[in-house]
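For reference, the chains in residue letters:
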Amino acid sequence: MSRPRTTPGPVPSAPRNAPDTPRSAPRDTPAATPDASPGASPDAPRGGRARGHAPWTAFGGDLHLDLTERRAAGAGLRAALEDALREAVQDGRLAPGTRLPSSRALGEDLGIARNTVVEAYGQLTAEGWLGARPGSGTTVADRAAPRPAGRPAAVRADRRPTGRHDLLAGRPDLSLFPRSAWLASARRALAVAPHDAFDYGSPLGRIELRRALCDYLARVRGVRTDPDRLLVCSGFGQGLGLLAAALRGRGAGRIAVEGYGLPPQREVLRAAGLGLAPLPLDCNGARTDLLDDLGGAGGTAERPGAVLLTPAHQFPSGAALSADRRAAAVRWARERDGYVIEDDYDGEFRYDRQPLGAMQALDPDRVVYGGTAAKSLAPGLRLAWLALPDELVEPVARLKALADTMSPVTDQLTFAELITSGRYDRHVRRCRLHYRRRRDLLVAALAERAPEVRVTGIAAGLHAVLQLPPGSRPEAELLEQARAAGLVLTGLDWYRAGPDAERALGLPAPENRSDAGPAAPPALVVGYATPSDRAFPAALDALCAILRES
């Protein structure tokens, strides 16, 4: 009885006439073939296909190397491989530092001999395209490749200016993000979520979050809605764009906006095809009593179909819209078959006054309520919501489905759990105390070191407006000096909607003025919530130094 065979049988050889395929490829020595992968485990698959965390390409097919055309043009197999690898490095498909497959793996995946790959790697290493060290594998060399002629410049992913001291308004202290609470909520939400939660779902969003938001908004902001009229969107900017497109579909050609507001929001409205009609502002908020006067030369045809307001905390002035002006806006919407869009961007943060309920409660059929987690949690979550009137639910949901089908599910489930567990309320209370202390530090420092500066808009929110006394240097000069000192902030004029708006907040509009408006004292908009606790004192010192020299 013969002994059982324990060694693997012979591997069938390639046909004798196969091109460039030897019967037995020579074994690479470490010095000749430095393409072994560091950190590969002994039981990793043959061919160097180890699972590692370093950026590398495990399979030759992943390289998308096309040798067919080069072979058809008469190039040899090795030359075709070298040309294909050079081209992949030149056009950026193989970034510097990318680890290439082992010669054995690439040869197997491309159906060529291993020694051909060894020779190609060696030639490209000698030319400087690749780098190799014994035992460290073959990687793409770090070399500067010239930009191809005619290639457009890359668009910056982040348009925010940068500096040593970030005091831009509109962003919270990101170090306060509740990582532990978010992680605990994510674990719980994923553990109990039904399987179909991860399928395509309603463009309105996950029902768990819509229910949680309905209860939370009714309790905290006085919003009157139900889950079937609530839509979850990827940031308020997306929600505003969906609303603008729906209004355009209903025949609206213009929308009224506050005289000062966020320029990106105005860009969204213009991109949807809506013209803008700025409303003047004063210490009681937007002049909604002037909505009927915005018909323009075209009369009824140019009347706005909606008005965008920040009634709880006007951005950037900080004024609260008075009760009579809230009523005037709702009355206008009813009479003109229009809508009020309420941007409640920081409704949770009130300090020196009783919380103001949402304007939406005055007429849920005419007021669209928009909320966001960008200030209370983080803008990077892209979580926002719209409480819609019945007539707008279907058109806005249809547009949302066309835009991106629905917002990401896991963040919705996590946020719903964060709310229902009570963790969100505790986090908001903690942030409210934190930002109030920040505000108090800002006010105290300015009172001591720049007493001539008037600080406004501080009863709520995450920013303040610093109005400088008459005779101060122009706003543009102040901002240039701030940039030189490493301060990142904005001037009030950057938020102005156009020549029809007031040049200075709180100042009456002069009669017979020119389109340029009167000269106004400069004002700075300071986001005191943005820096971390560690960075805030230095930012405050730099700000006071600039104001003393103004």
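Preceding this paragraph is the structure being described.
None of these values were measured; they are calculated from a predicted model.

**Observations concerning the packing of aromatic side chains**
Item 1. With the rule as written, the count across this model stands at eight aromatic pairs.
Item 2. When the ring of Phe 315 is compared with that of Tyr 495, the centres are 5.4 Å apart and the planes differ by 80°; the resulting orientation is edge-to-face. A residue pair is termed long-range when its members are at least 10 positions apart, and Phe 315 in the loop between β9 (306-309) and α9 (323-336) and Tyr 495 in the loop between β16 (490-491) and β17 (523-526) qualify at 180 residues. Residues Phe 315 and Tyr 495 agree in their burial class; the two are buried.
Item 3. A connected cluster of aromatic rings, assembled from ring pairs, spans Tyr 216, Trp 385, Phe 415 and Tyr 424.
Item 4. Of note, Arg 366 hangs over the ring of Tyr 339, and the distance from its end group to the ring centre comes to 5.0 Å.
Item 5. Directly above the ring of Phe 536 sits Arg 438, whose terminal nitrogen or CZ lies 4.7 Å from the centroid.

**What about the pattern of salt bridges?**
Item 1. Going through the model one piece at a time under the given rule, you end up with 28 salt bridges.
Item 2. What you see here is one network of salt bridges that share partners, running through Arg 78, Glu 82, Asp 83, Arg 86, Glu 119 and Glu 127.

**Concerning the nonpolar core**
Item 1. Within the largest apolar cluster, 33 residues are counted, with the highest numbers of intra-cluster contacts made by Tyr 435, Leu 466, Leu 489, Leu 543 and Leu 547.
Item 2. Only α12 (423-449), β14 (464-467), α13 (475-484), β17 and α14 (536-548) provide two or more residues apiece to this core.
Item 3. For this core, the element with the most residues is α14, which contributes eight residues.
Item 4. Not counting residues up to four positions away in its chain, the partners in contact with Leu 543 are Leu 167, Leu 442, Leu 466, Leu 487, Leu 489 and Val 526.
Item 5. With 29 residues, the next largest nonpolar core counts Phe 236, Ala 246, Leu 247 and Leu 274 among its residues.

**Remarks on the pairing of strand β2 (residues 137-140)**
Item 1. Here strand β1 (residues 130-133) pairs with β2 via four bridges, running antiparallel. The partner of Gly 131 across the bridge, within β2, is Thr 139.
Item 2. Connecting the antiparallel pair β1 and β2 is a turn made up of three residues, with Gly 135 showing a positive phi of about 80°.

**Description of the sheet that holds β14**
Across a sheet, paired strands are connected by hydrogen bonds in the backbone, their directions being either parallel or antiparallel.
Item 1. Strand order across the open sheet formed by four strands is β13-β14-β17-β16, with antiparallel pairing between neighbours. In this open sheet, the two edge strands, each paired with only one partner strand, are β13 (454-456) and β16.

**What about empty space enclosed by the protein?**
Over the atoms rolls a probe the size of a water molecule, and in doing so it shows where empty space is left.
Item 1. A complete count under the given rule lists two cavities of 30 Å³ or more for this structure.
Item 2. Empty space within the largest cavity amounts to approximately 60 Å³.
Item 3. Taken together, Tyr 216, Leu 217, Arg 221, Asp 344, Tyr 345, Gly 347, Glu 348, Tyr 369, Gly 371, Thr 372 and Trp 385 form the lining of the largest cavity.
Item 4. Elements with a minimum of two residues in the lining of the largest cavity: α6 (207-220) and β11 (367-372).
Item 5. It is β11 that provides the largest number of residues to the lining of the largest cavity, a total of three residues.
Item 6. Residues belonging to the lining of the largest cavity are distributed by class as follows: five nonpolar, three polar and three charged.
Item 7. The space that makes up the second largest cavity amounts to roughly 40 Å³.

**Quick word on unusual backbone geometry**
Item 1. Cis geometry is found at the peptide bond from Phe 315 to Pro 316, where omega equals 10°.
Item 2. Here Pro 316 lies in the loop between β9 and α9.
Item 3. Even without being glycine, Arg 382 reaches a positive phi, approximately 55°.
Item 4. With relative accessibility at 40%, the residue Arg 382 sits in the partly exposed group.

**As for the sheet that holds strand β12 (residues 384-387)**
Item 1. Taken together, seven strands build an open sheet; the order of strands is β4-β12-β11-β10-β9-β5-β6 and the sheet is mixed. In this open sheet, the two edge strands, each paired with only one partner strand, are β4 (230-233) and β6 (275-279). When strand polarity is set aside, the average angle formed by the axes of neighbouring strands in this sheet is 20°.
Item 2. One ladder, built from four bridges, connects β11 with β12; its direction is antiparallel. Its bridge partner being in β12, Thr 372 is matched across the sheet by Ala 384.

**What to know about helix α5 (residues 179-192)**
Item 1. With 14 residues, α5 extends 20 Å from end C-alpha to end C-alpha; this agrees with the ideal 20 Å at 1.5 Å per step.
Item 2. Residues Ala 181, Trp 182, Ser 185, Ala 186 and Ala 189 constitute the buried set of α5. Buried residues of α5, viewed axially, fall in a sector of 135°; they line one side. Seen from the buried face of α5, the exposed residues on the opposite side, beyond 90 degrees, are Arg 179, Ser 180, Arg 187 and Ala 191.
Item 3. Elements in contact with the buried residues of α5: α11 (409-420) and α12.

**Quick look at the side chain of Arg 350**
Item 1. For Arg 350, the position within the fold is in the loop between β10 (339-343) and β11.
Item 2. Although Arg 350 is buried, it forms no salt bridge, and the closest oppositely charged side chain is Asp 346 at an N-O distance of 4.1 Å.
Item 3. Here Asp 346 takes part through its backbone oxygen, which lies 3.3 Å from a polar atom of the side chain of Arg 350.
Item 4. Once residues within four sequence positions are removed from consideration, Arg 350 is found in contact with Arg 221, Ala 312, His 313, Pro 355, Leu 356, Arg 432, Ala 459, Ala 460 and Gly 461.

Calculation notes
- Counting restarts for each chain, with residues numbered from 1 along the sequence as it is written.
- Restriction of local features to residues with pLDDT of at least 70 applies here, the model being predicted, together with a cutoff of 80 or more for giving and counting side-chain atom pairs; totals for whole chains, interfaces and linings are based on all residues.
- Excluded from the side-chain calculations are hydrogens and water; all other atoms, namely the structure's heavy atoms, are used.
- In summary, the pairing rule links any two rings of Phe, Tyr or Trp, Trp by its six-membered ring, whose centres are within 6.5 Å, and it sorts them by plane angle into stacked for under 30 degrees, edge-to-face for over 60 and tilted for everything else.
- Only DSSP runs of H or I covering at least 4 residues are called helices, and only runs of E covering at least 2 are called strands; the numbering of each starts at the N terminus.
- Working definition: with a 1.4 Å probe on protein chains only, accessible area under 20% of the residue-type maximum means buried, over 50% means exposed, and in between means partly exposed.
- Note on geometry: a ring has a charge over it if NZ (lysine) or CZ (arginine) is within 6 Å of the ring centre and within 35 degrees of the ring normal.
- One speaks of a salt bridge when a side-chain nitrogen belonging to Lys or Arg is within 4 Å of a carboxyl oxygen belonging to Asp or Glu.
- The term nonpolar core refers to a set of buried residues drawn from Ala, Val, Leu, Ile, Met, Phe, Trp, Tyr and Cys, joined through side-chain atoms within 4.5 Å.
- By the convention used here, residues are in contact when the closest approach between their heavy atoms is within 4.5 Å.
- By this definition, two strands are paired if DSSP reports at least two bridges between them.
- Here a cavity denotes a set of grid points, spaced 1 Å apart and computed over the protein atoms alone, in which a 1.4 Å probe fits but from which it cannot get out, and a pocket denotes an open set meeting protein on both sides within 12 Å along at least five of seven lines; residues with an atom within 4 Å of a point are reported as lining.
- Grid points are joined across faces, edges and corners, and a volume is the space filled by probe spheres set on the points.
- Lys, Arg, Asp and Glu make up the charged group, whereas Ala, Val, Leu, Ile, Met, Phe, Trp, Tyr, Cys and Pro make up the nonpolar group; the residues left over, Gly among them, are polar.
- Throughout, an axis means a line fitted to C-alpha atoms (over the contacting stretch in the case of helices), and angles, computed between N-to-C directions, take values from 0 to 180 degrees.
- Residue count minus one, scaled by 1.5 Å, sets the expected span of a helix.
- Arc definition: directions from the helix axis to the C-beta atoms.
- Under the counting rule used here, the positive set is Lys and Arg, the negative set is Asp and Glu, and His together with the chain ends is not counted.
- What qualifies as a polar contact is a pair of N or O atoms within 3.5 Å, subject to a donor-acceptor requirement within protein and to the restriction that residues adjacent in sequence count only when both atoms come from side chains.

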